[in-house]
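Chains, contacts and geometry: an overview
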Amino acid sequence: MSTTRQHPPGDLGREPDEAGAASPVPADRQWRTLSLGQASGIVPMARDFARQALCDWGWLPASSADRRAAAEDVLLVVSELVTNACLHAEGPEELRIGRTPKVLRVEVVDRGAGQPAPRTPHRAGRPGGHGMFIVQRLCLDWGVVRTPEKPGKTVWAELAAPA
């Protein structure tokens, strides 16, 4: 059971406002940051980092099926965003995970110029191309933030905290 709403097919995530951020940063957000620059085994390292943050924040071990599903959704989104940066964006530089009492935000900073987008039409039976479709389905919202005059981007996704 997923704890989040679904976006319509073809949704490319929310555009950032003129300040460059998709939403204001809540004052009560706690952050964890992992540098991924020249590391090997990046995807398992990112999942382990996220799992430890979820343990530290009380999401794991899960006390109910809904809480376990919420934690598994986070780990899957981390895997998909980091994998996309590896495959399509010259590799990830940094993984950031932030939480408030209501929302968990995953950010992957990469060096790529491309724009992530769910593959449309989505073909469930074909291998590959499912990463952003999965992110779109599991997350409350997602998008891309670019810094003018700098290479790369930050791909972010937000998931609801378990009740």
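The chain is annotated in an unreviewed UniProt entry as ATP-binding protein from Streptomyces durocortorensis.

**Side note on the pattern of salt bridges**
Applying the stated criterion to the full structure yields 10 salt bridges. Its salt-bridge partner being Asp56, residue Arg32 comes within 2.8 Å of it at the nearest N-O pair. Of the two residues, Arg32 sits in strand E1 (residues 30-35) while Asp56 sits in helix H1 (residues 42-56), which places them 24 residues apart along the sequence. Across the pair Arg105 and Glu107 runs a salt bridge whose closest N-O atoms are separated by 2.6 Å. A relative accessible area of 9% places Glu107 in the buried class. In this structure, a network of salt bridges that share partners links the residues Arg29, Glu94, Arg96, Arg105, Glu107 and Glu158.

**Re the sheet that holds strand E3 (residues 103-110)**
Judged by pairing direction, the sheet is antiparallel, and its five strands sit side by side in the order E1-E2-E3-E5-E4 without closing on themselves. Strand pairing shows two members of the sheet lacking a second neighbour, E1 and strand E4 (141-145), which therefore form its edges. Each strand axis lies, on average, 15° off the axis of its neighbour in the sheet, ignoring direction. Relative to strand E5 (residues 153-160), E3 runs antiparallel, the two being bridged by eight bridges. Following the sheet pairing, Leu104 is matched in E5 by Leu159. H1 contacts E1, strand E2 (92-99) and E3 of the sheet and is inclined by roughly 160° relative to E1.

**Observations concerning the pairing of E4**
Within E4, five of the five residues are buried, leaving the element largely enclosed by the surrounding structure. Residues of E4 alternate between two faces, with Asp141, Gly143 and Val145 on one and Trp142 and Val144 on the opposite face, all of them buried. Examined bridge by bridge, E4 and E5 share five bridges and lie antiparallel to one another. Across the sheet, residue Val145 finds its bridge partner in E5, namely Thr154.

**Details of helix H2 (residues 65-88)**
Here H2 contains 24 residues, and its C-alpha end-to-end distance of 34 Å stays within 8% of the 34 Å for a straight helix at 1.5 Å per residue. Phi turns positive one or two residues past the end of H2, at Glu90, with a value near 60°.

**Focus on the environment of Cys86**
Checked against the element boundaries, Cys86 lands in helix H2. For Cys86, a relative accessible area of 37% gives the class partly exposed. A sequence separation of 43 residues divides Cys86 from Val43, and the C-alpha atoms of the two residues are 8.7 Å apart. If near-sequence neighbours (up to four positions away) are discounted, Cys86 is found in contact with Ile42, Gly91 and Pro92.

**Topic: the packing of H2 against helix H3 (residues 131-138)**
Taken N-terminus to C-terminus, the directions of H2 and H3 make an angle of 145°; their axes are 9 Å apart at the nearest point. For the element pair H2 and H3, the recorded crossing hand is left-handed. In this structure, H2 uses Asp73, Leu76, Val77, Glu80, Leu81 and Asn84 to contact H3, whose residues at the interface are Gly131, Met132, Ile134, Val135 and Leu138. The residue makeup of the contact of H2 with H3, split by class, is seven nonpolar, two polar and two charged.

**Focus: the packing of H1 against H2**
At a minimum axis distance of 9 Å, the contact between H1 and H2 shows a crossing angle of 150°. One finds that H1 runs roughly antiparallel with respect to H2. For H1 against H2, the interelement crossing comes out right-handed. For the pair H1 and H2, the contacting residues are Ile42, Val43, Ala46, Arg47, Ala50, Arg51 and Leu54 in the first and Ala71, Glu72, Val74, Leu75, Leu76, Val78, Ser79, Val82, Thr83 and Cys86 in the second. For the contact of H1 with H2, the residue count by class is 12 nonpolar, two polar and three charged.

Conventions adopted
- Residues numbered from 1 in each chain as written.
- Predicted model: local features only at pLDDT ≥ 70, side-chain atom pairs only at ≥ 80, totals over all residues.
- Heavy atoms only, no water.
- Salt bridge = Lys/Arg side-chain N within 4 Å of Asp/Glu carboxyl O.
- Helix = DSSP H or I, 4+ residues; strand = E, 2+ residues; numbered from the N terminus.
- Buried < 20%, exposed > 50% of the residue type's maximum accessible area, 1.4 Å probe, protein only.
- Pairing = 2+ DSSP bridges.
- Axes fitted to C-alpha atoms, helices over the stretch in contact; angles between N-to-C directions.
- Contact = heavy atoms within 4.5 Å.
- Expected span 1.5 Å × (residues − 1).
- Left-handed = near helix turned anticlockwise from the far one by under 90°.
- Nonpolar A, V, L, I, M, F, W, Y, C, P; charged D, E, K, R; others polar.
- Parallel < 35°, antiparallel > 145°, perpendicular 65-115°, else oblique.

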